[in-house]
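Residues per chain are reported as follows:
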Amino acid sequence: MIEIQVTSHRQVEMIDISAKVEQAVRQTGITDGLVSLFVPHTTAAVTINENADPDVVRDMTMEINKIVPFNDDYRHMEGNSAAHIKSTLVGASEMVILEEGRLCLGTWQGIYFCEFDGPRQRRLLIKVIPG
Amino acid sequence: MIEIQVTSHRQVEMIDISAKVEQAVRQTGITDGLVSLFVPHTTAAVTINENADPDVVRDMTMEINKIVPFNDDYRHMEGNSAAHIKSTLVGASEMVILEEGRLCLGTWQGIYFCEFDGPRQRRLLIKVIPG
Amino acid sequence: MIEIQVTSHRQVEMIDISAKVEQAVRQTGITDGLVSLFVPHTTAAVTINENADPDVVRDMTMEINKIVPFNDDYRHMEGNSAAHIKSTLVGASEMVILEEGRLCLGTWQGIYFCEFDGPRQRRLLIKVIPG
């Protein structure tokens, strides 16, 4: 298992970690298999989406903040219930196929660490299963 | 593959199954690899989120019930369309990294079986891939 | 890795690809392990849900279109931001357990390719890890 560090700078932020993940996978020496990505936090997530036009990420965070409002009769004293809900809707894990040393992402796809309760210092766990 | 049983007692309920999953994984004797969790039902899901303050789970179920209302011009005769939609948004599968016999969950993370159309007797499938 | 083709005919559409996935998995000759499904597109997704009553799929697409409206102060010039957001909420990957040559789906479960910005010609990547 490899662990990479992610630093968020805003409360809600999608951070492109594709290059970091690729580098970590390369270090394992495994060229074919499955790459499992896991966020060990309860107010963050991982997703795969467009990394060409930055407006996509802007629209995504704007709309997700609307779908799950920051304030809505929540009882959790820490005040970050919205972040927990976003984490579960987007998901704490993601899986990418590895072939001939290359992550099989689509042309426009990047891997994003989703911060929903930043800014914070975060971790992402990576496990590569050969096959 | 291992199968565990989950009994829900309410219509919408998040049930902490971390201990059950850990026990099932231990029985396989595998200490390193990937643990795949799968819900073989169309009105339930599996997620990973905070298991410290019970208000988080309360807030999550409350808000998910708002985002996907129980009644909304649905046509499905069984009357549980909201549960199907929640199942797809949260997801039927989850993946956890296993290292030295330990599930690599974050400090505050627990594994939750999400019941969206209970109360019912449910199953969760677990497959451990060594690696 | 195997690649299957999916043709969508509407803007938003859930297409049952269970039979195609089963056939692709059979071709690998692997009978036990994990089947990883990956959508290499940023405006589509993959999910597992009911394939008995077609009203379930109708209700799901109707409601997801309400939760993530087609127009909502988005800035992305291509005009398909809603599709990107739906893709991240439903998810680009899914995982199914394989046992004795059979996908371990529940009685009512089918695998759906979710088109959110069609009609288009699409691809789905499948990787089977034995174990």
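Residues numbered from 1 in each chain as written. Chains lettered and ligands numbered in written order. Predicted model: local features only at pLDDT ≥ 70, side-chain atom pairs only at ≥ 80, totals over all residues. Heavy atoms only, no water.

Q: Got a sec to walk through the sheet that holds strand β3 (residues 33-38) of chain A? Specific residues and values, please.
A: Hydrogen bonds along the backbone pair up the strands of a sheet, which may run parallel or antiparallel. Residues and elements named next belong to chain A. Read across the open sheet, the five strands follow the order β1-β8-β3-β5-β6; overall the sheet is antiparallel. Whereas interior strands pair on both sides, the edge strands pair on one side only; in this sheet they are β1 (2-7) and β6 (102-103). Pairing between β3 and strand β5 (residues 93-99): six bridges, direction antiparallel. Within β5, the position partnered with leucine 34 by the bridge is isoleucine 97. This element, helix α1 (residues 18-28), spans β1, β3, β5, β6 and β8 (121-130) of the sheet and lies at about 160° to β1. (Pairing = 2+ DSSP bridges. Helix = DSSP H or I, 4+ residues; strand = E, 2+ residues; numbered from the N terminus. Contact = heavy atoms within 4.5 Å. Axes fitted to C-alpha atoms, helices over the stretch in contact; angles between N-to-C directions.)

Q: Run through α1 of chain A, naming residues and quoting values.
A: Residues and elements named next belong to chain A. Those residues of α1 that sit buried are Ser18, Val21, Ala24 and Val25. All buried residues of α1 project into a common sector of 130° when viewed along the axis, lining one side. α1 presents Ala19, Arg26 and Gln27 as exposed residues on the side facing more than 90 degrees away from its buried surface. One or two steps after α1, the chain reaches glycine 29, where phi turns positive at roughly 80°. (Buried < 20%, exposed > 50% of the residue type's maximum accessible area, 1.4 Å probe, protein only. Arc of directions from axis to C-beta.)

Q: So what's going on with the packing of helix α2 (residues 54-67) of chain A against helix α3 (residues 81-90) of chain C? Which residues, and what values?
A: Contact geometry for α2 of chain A and α3 of chain C: axes closest at 9 Å, N-to-C directions at 65°. With respect to α3 of chain C, the axis of α2 of chain A lies roughly perpendicular. In the packing of α2 of chain A onto α3 of chain C, the handedness of the crossing is right-handed. For the pair α2 of chain A and α3 of chain C, contact is made by Val56, Asp59, Met60, Glu63, Ile64 and Ile67 of chain A and by Ser81, His84, Ile85, Thr88 and Leu89 of chain C, respectively. Among the residues forming the contact of α2 of chain A with α3 of chain C, the class breakdown is six nonpolar, three polar and two charged. (Parallel < 35°, antiparallel > 145°, perpendicular 65-115°, else oblique. Left-handed = near helix turned anticlockwise from the far one by under 90°. Nonpolar A, V, L, I, M, F, W, Y, C, P; charged D, E, K, R; others polar.)

Q: Can you explain the environment of arginine 26 of chain B? Please cite residues and give values.
A: All names here are of chain B. Relative to the elements of secondary structure, arginine 26 occurs in helix α1 (residues 18-28). Looking at arginine 26, the relative accessible area reads 59%, which means it is exposed. Separated by 36 residues in the primary sequence, arginine 26 and methionine 62 have C-alpha atoms spaced 34 Å apart.

Q: Hey, could you go over the interface of chain B and chain A for me, with residue numbers and the actual values?
A: Between chain B and chain A, the residue contacts involve 33 residues of the former and 30 residues of the latter. On the surface where chain B and chain A come into contact, there are one salt bridge. There are 15 residue pairs in polar contact (both at pLDDT 80 or more) connecting chain B and chain A. Broken down by secondary-structure element, the contributors of at least two residues to the side of chain B that touches chain A are β3 (33-38), β4 (44-50), α2 (54-67), α3 (81-90), β5 (93-99) and β8 (121-130) of chain B. No other element matches α2 of chain B, which puts ten residues into the side of chain B that touches chain A. (Salt bridge = Lys/Arg side-chain N within 4 Å of Asp/Glu carboxyl O. Polar contact = N/O pair within 3.5 Å; in protein donor to acceptor, adjacent residues only side chain to side chain.)

Q: Please give an account of the relation of the copies chain B and chain A that cites residues and values.
A: Superposition of the two copies of the chain requires a rotation about an axis together with a shift along that axis. Expressed as a screw transformation, the operator carrying chain B onto chain A has a rotation angle of 120° and an axial translation of 0.0 Å, and the superposed copies differ by an RMSD of 0.0 Å. The transformation relating the two chain copies, once decomposed into turn and shift, fits a three-fold axis. Closest approach to the rotation axis among the C-alpha atoms of chain B is made by leucine 89 of chain B, whose C-alpha sits 3.4 Å away. The overlap is low: 12% of the interface residues of chain B also sit at the interface in chain A, so different surfaces are used on the two sides. (Least-squares fit on C-alpha atoms with pLDDT ≥ 70 in both.)

Q: Let's hear about the sheet that holds β5 of chain B: which residues, and what values?
A: All names here are of chain B. Taking strand neighbours across the sheet as the criterion, the five strands line up as β1-β8-β3-β5-β6 in an open arrangement whose pairing is antiparallel. At either end of the open sheet lies a strand with only one pairing partner, and these are β1 (2-7) and β6 (102-103). Docked against the sheet, α1 engages β1, β3, β5, β6 and β8, running at close to 160° with respect to β1.

Q: Report on the interface of chain C and chain B, specifying residues and quantitative values.
A: Counting residues at the interface gives 32 residues for chain C and 30 residues for chain B. For aspartate 72 of chain B, the salt bridge goes to lysine 66 of chain C, with nearest N and O atoms at 2.6 Å. Applying the counting rule to chain C against chain B returns 15 residue pairs in polar contact (both at pLDDT 80 or more). For the side of chain C that touches chain B, the secondary structure elements donating two or more residues are β3 (33-38), β4 (44-50), α2 (54-67), α3, β5 (93-99) and β8 (121-130) of chain C. Residue contributions to the side of chain C that touches chain B peak at ten residues, all from α2 of chain C. Grouping the constituent residues of the side of chain C that touches chain B by class yields 17 nonpolar, six polar and nine charged.

Q: Describe unusual backbone geometry, listing the residues and the values that go with them.
A: Each neighbour pair has its own omega, and for glycine 118 of chain A with proline 119 of chain A the value is -5°, a cis peptide bond. Among the secondary structure elements, proline 119 of chain A is positioned in the loop between β7 (109-115) and β8. Despite not being glycine, aspartate 73 of chain B has its phi angle at roughly 55°, a positive value. One can find aspartate 73 of chain B in the loop between α2 and α3. Owing to a relative accessible area of 60%, aspartate 73 of chain B belongs among the exposed residues under this scheme.

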